[in-house]
Amino acid sequence: MEISKEENILFAAEKLFAKNGFGGTSTREICKEANVNISMISYYFGSKEKLYERIFEYRMNESVSFGKDIISKSNLNEWEKFELLIDQFCNRVVRLRAFYTIMQREQLSNKTAFIIDFLKTSKMNFLEFYSKLIKSGYDNGVFTKLPKVEYVHSTIAGTLFAGVNATPMYKEFAGAQNDANFEAVYYEGLSEHLKNVLKYLLGYNEK
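Residues numbered from 1 in each chain as written. Predicted model: local features only at pLDDT ≥ 70, side-chain atom pairs only at ≥ 80, totals over all residues. Heavy atoms only, no water.

## A word on the domain arrangement of the protein
Assigned domains within the protein: domain 1 (1–58) and domain 2 (77–202). Centre-to-centre separation of domain 1 and domain 2, based on C-alpha positions: 27 Å. Contacts between the two partners involve 10 residues from domain 1, matched on the other side by 12 residues from domain 2. Both sides of the domain 1 and domain 2 interface together cover about 1000 Å² of buried area, and 75% of this is carbon and sulfur. Area buried by domain 1 at its contact with domain 2 is led by Ala-18, Glu-53 and Phe-56, which between them contribute 54% of it. Inspection of the domain 1/domain 2 interface yields 0 salt bridges. Listing elements by their share of the side of domain 1 that touches domain 2, those giving two or more residues are helix 1 (5–20) and helix 4 (48–71). At 5 residues, the largest contribution of residues to the side of domain 1 that touches domain 2 is made by helix 4. (Domains from an automatic or database assignment. Contact = heavy atoms within 4.5 Å. Buried area = accessible area lost by both parts, 1.4 Å probe. Salt bridge = Lys/Arg side-chain N within 4 Å of Asp/Glu carboxyl O. Helix = DSSP H or I, 4+ residues; strand = E, 2+ residues; numbered from the N terminus.)

Right, dumping it as structure tokens:
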């Protein structure tokens, strides 16, 4: 898929910010990675700080957009929507490892007010998605339990982000440092594990 000049700079910056941190990445390095003139950062974003913020806005808007798309699918029941959400999240975590590395670093530092507020708003959107799915599924007889939405959110987000952080250690523990398929197999299994946990929390019984 063809990307815009703005996206090209965003993705190059995302890669370098994940590797070197915000302070350890210069605008010159970003432009070299993106193969663009240094003036392009000012043209599209105004500053390195605004470019950094734009990465979060871009990626979190993607997340909310795919969440809304799944919720709106009238041909799926509530459990099938949860399954699709889990699969999509696992795919994003693997595909966008650089962004989620930056995101977790930013949440720990808690320094950039705009980003913290933006992340909070995005998380609130997902709490709303989960809340609607849980209630609708219970009302429609798909689920037999009404777990707190906070537990469902913590289960999904906590499990995935713990996996992101610990994958290299798991790979070493399994003696699979040279196994190119380890991560693909691991996240496929993690997705199934999450679904099994959610089945219990939601009281979903496959028929």
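## Focus on the packing of helix 1 against helix 6 (residues 97–109)
Viewed as axis vectors pointing N to C, helix 1 and helix 6 meet at an angle of 55°, and their least axial separation amounts to 8 Å. As summarised for this structure, helix 1 and helix 6 are arranged oblique, according to the angle between their axes. Helix 1 and helix 6 meet at a crossing whose hand is left-handed. Counted together, Glu-14, Lys-15, Phe-17 and Ala-18 of helix 1 and Ala-98, Phe-99, Thr-101, Ile-102 and Arg-105 of helix 6 form the full contact between these two elements. In terms of residue class, the contact of helix 1 with helix 6 is made up of 5 nonpolar, 1 polar and 3 charged. (Axes fitted to C-alpha atoms, helices over the stretch in contact; angles between N-to-C directions. Parallel < 35°, antiparallel > 145°, perpendicular 65-115°, else oblique. Left-handed = near helix turned anticlockwise from the far one by under 90°. Nonpolar A, V, L, I, M, F, W, Y, C, P; charged D, E, K, R; others polar.)

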